[in-house]
Every structure is written in structure tokens, then in C-alpha cells.
Protein chains: 2
Amino acid sequence: MSYFERHIFFCLNQRDNGNDSCAPHGAQAGFDHCKSRVKALGLAGVGGVRVNKAGCLDRCAGGPVAVVYPDATWYSYVDASDIDEIVEKHLQHGEIVERLVLPDNVGR
Amino acid sequence: MSYFERHIFFCLNQRDNGNDSCAPHGAQAGFDHCKSRVKALGLAGVGGVRVNKAGCLDRCAGGPVAVVYPDATWYSYVDASDIDEIVEKHLQHGEIVERLVLPDNVGR
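Residues numbered from 1 in each chain as written. Chains lettered and ligands numbered in written order. Predicted model: local features only at pLDDT ≥ 70, side-chain atom pairs only at ≥ 80, totals over all residues. Heavy atoms only, no water.

1. Re the side chain of Arg59(B)
If you trace the backbone, Arg59(B) turns up in the loop between strand E2 (49–54) and strand E3 (65–69). Reaching out from Arg59(B), the side chain makes a polar contact with the backbone oxygen of Val106(B) at a distance of 2.8 Å. Residues contacting Arg59(B), with those up to four places away along its chain left out, are Tyr3(A), Val65(B), Trp74(B), Leu102(B), Pro103(B), Asp104(B), Val106(B), Gly107(B) and Arg108(B). (Helix = DSSP H or I, 4+ residues; strand = E, 2+ residues; numbered from the N terminus. Polar contact = N/O pair within 3.5 Å; in protein donor to acceptor, adjacent residues only side chain to side chain. Contact = heavy atoms within 4.5 Å.)

2. A look at the interface of chain B and chain A
The partner chain A presents 22 residues to the 21 residues of chain B that form the contact. Across the chain B/chain A interface, buried area totals approximately 1700 Å², and carbon plus sulfur atoms make up 58% of it. Contact with chain A buries area across many residues of chain B, yet Tyr3(B), Arg50(B) and Tyr69(B) alone supply 33% of it, more than any other trio. Here chain B is connected to chain A by two salt bridges. (Buried area = accessible area lost by both parts, 1.4 Å probe. Salt bridge = Lys/Arg side-chain N within 4 Å of Asp/Glu carboxyl O.)

3. Section: the relation of the copies chain B and chain A
Overlaying chain B on chain A yields an RMSD of 0.0 Å, the required transformation being a rotation through 180° with an accompanying axial translation of 0.0 Å. Seen this way, the second copy is the image of the first under a two-fold rotation axis. Same-surface contact between copies: 100% of interface residues of chain B are shared with the interface of chain A. (Least-squares fit on C-alpha atoms with pLDDT ≥ 70 in both.)

4. A look at the side chain of Asp82(B)
Residue and element names in this part refer to chain B. Structurally, Asp82 is set in helix H2 (residues 80–93). Judged by relative accessible area, which is 5%, Asp82 ranks as buried. The contact partners of Asp82, leaving out residues within four places of it in the chain, are Tyr77, Arg99 and Leu100. (Buried < 20%, exposed > 50% of the residue type's maximum accessible area, 1.4 Å probe, protein only.)

5. Some points on H2(B)
Residues and elements named next belong to chain B. When the terminal C-alpha atoms of H2 are compared, their 18 Å separation across 14 residues agrees well with the 20 Å that a helix rising 1.5 Å per residue should span. Along H2, the sharpest kink reaches roughly 30°, centred on Val87. Turning to H2, its buried residues are Asp82, Ile83, Ile86, Val87, His90 and Leu91. Among the residues trailing H2, Gly94 stands out with phi positive, at a value near 75°. (Expected span 1.5 Å × (residues − 1). Bend = angle between axes of the 7 residues up to and from the residue.)

6. Concerning the packing of aromatic side chains
With the rule as written, the count across this model stands at 14 aromatic pairs over all chains. Ring plane angle 65° and centroid distance 6.1 Å describe the contact between Tyr69(A) and Phe9(B), whose orientation is recorded as edge-to-face. With Tyr69(A) in strand E3 (residues 65–69) and Phe9(B) in strand E1 (residues 6–11), the pair connects residues from two separate chains. For Tyr69(A), a relative accessible area of 0% gives the class buried. Assessed through its relative accessible area of 0%, Phe9(B) is described here as buried. With 5.0 Å between their ring centres and 0° between their planes, Tyr69(A) and Tyr69(B) make a pair best called stacked. One end of the pair, Tyr69(A), is in strand E3; the other, Tyr69(B), is in strand E3, on a second chain. Over the ring of Tyr3(A) we find Arg59(B), and its NZ or CZ is 3.5 Å from the ring centre. Lying over the aromatic face of Trp74(B), Arg59(B) brings its terminal NZ or CZ to 4.8 Å of the ring centre. (Phe/Tyr/Trp six-rings, centres within 6.5 Å; stacked < 30°, edge-to-face > 60°. Lys NZ or Arg CZ within 6 Å of the ring centre and 35° of its normal.)

7. Quick word on the pattern of salt bridges
Residue and element names in this part refer to chain A. Using the criterion set out here, one finds 18 salt bridges over all chains in the structure. Put simply, Asp84 and Arg37 hold a salt bridge, and the shortest N to O gap is 3.9 Å. Within this pair, whereas Asp84 is found in helix H2 (residues 80–93), its partner Arg37 is found in helix H1 (residues 27–40), the two being separated by 47 residues in sequence. Under the relative-accessibility criterion, Asp84 is labelled partly exposed at 23%. Of the charged contacts, one joins Glu85 and Arg99 as a salt bridge, the two residues approaching to 2.9 Å between their closest N and O atoms. Linking Glu85 in helix H2 with Arg99 in the segment after H2, this pair joins segments that are 14 residues apart in sequence. Through salt bridges that share partners, Asp82, Glu85, Lys89 and Arg99 make up one connected network.

Spelled out as C-alpha cells, the structure:
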């Protein structure tokens, strides 16, 4: 049993060396929206869902990215409606949102 | 297949409201040591191990804490030798370090 049934980590990394990173692509807004929706749906907490901030997840080319564990499902999202779909399908019901899954060959 | 075989997240949260958090208990040093050992052992990278910064993991009472996914194994560590054991047993060989496992009833 996982302490959290599903634990999603959002990369919020901001690179200052000129290289691209998730922060300039709406990562904080995605995290905030996810956190708020998970709370509103009553999913948050032990045995439920945890929405977490993370540093660089090292898949910057697909940013902004988030990963759901223990499923190990990686997502690339664009806007709040993508987050809604991840929350309502995957975090709430365990269904992977295939259209947002990050291809395996997308790395740094 | 998980993109990273094992993905460890260290809580580096610093609370400024007077409540306790992981940062004042050596979390950054634990993260730095883990990252350095994983690199030195050649474990880092796709298909291998990723050592990640995280925000509050919400199990502050057991801090400093880290979680290994997709295994969903939670650890409370004290010093560099604890980190060495997590790296050499769990991250490298997949063996849980039972003496450092955070009990299920330890939360915020």
C-alpha cells in the first residue's frame, strides 16, 4: 500500500543560464490549479492524492511536465483543461490520459 | 517500465511560520550527499536512478524524509551513513532498508 494512493510531482524548475525549463511554461499555474482541484474534489490526503512541488525532473524537452507515482506515468500539459483531465481521469479514477503522456524518448 | 528505475524525492521544505520542517534537519545535506553518491556509482540517468528535490512531502513529523518511487518506500534518515545505505541497498540493488522505513502512522 502506498501512503498516498497517487502522488503527482510538478517540475517547477527555473533555469537562469539561458536553457529552457518548466517554470516559464506555466508550471506554477499548473501546480496551483491541480492542487486546488484535488482539494475541491476531496481527493487530498493520506490514502488519497498528494500534489507536490518538485525541482527539475530532467525531462525539460517535454516541459512543463509532471509525473504520477507509483504509476510512473509522465505527462506534458498545456493548460488548465489538461490538468482537469489528469485530475478527473487519472488522479481520481486511475485512468491514464493517453493524449498527454510524454513519449519515452523525450528527455532533457 | 518506469522512465527512471528508481526516483527518490527529498523534502527540502523550509517552514517560516514556526512549525517544524525538513530543511533545518539536514535535508539539503542529505540530498547533496545522495546525488553525489548516485553519480559516483554510475547509477544516474534514464533507466537508472534520479535524485530529486521536492517541496513538502507532508510527513513532517518524521523529517527529514525522502520517498523512493515507484516502490513507494518512505525513509527517515539522520546522517550521511543512512543515505549511503539507502543508495547502496535500495537505489542500487532494490533492497528496502527496513531500519530507516518511516512507520505508516507518521504524518504531518
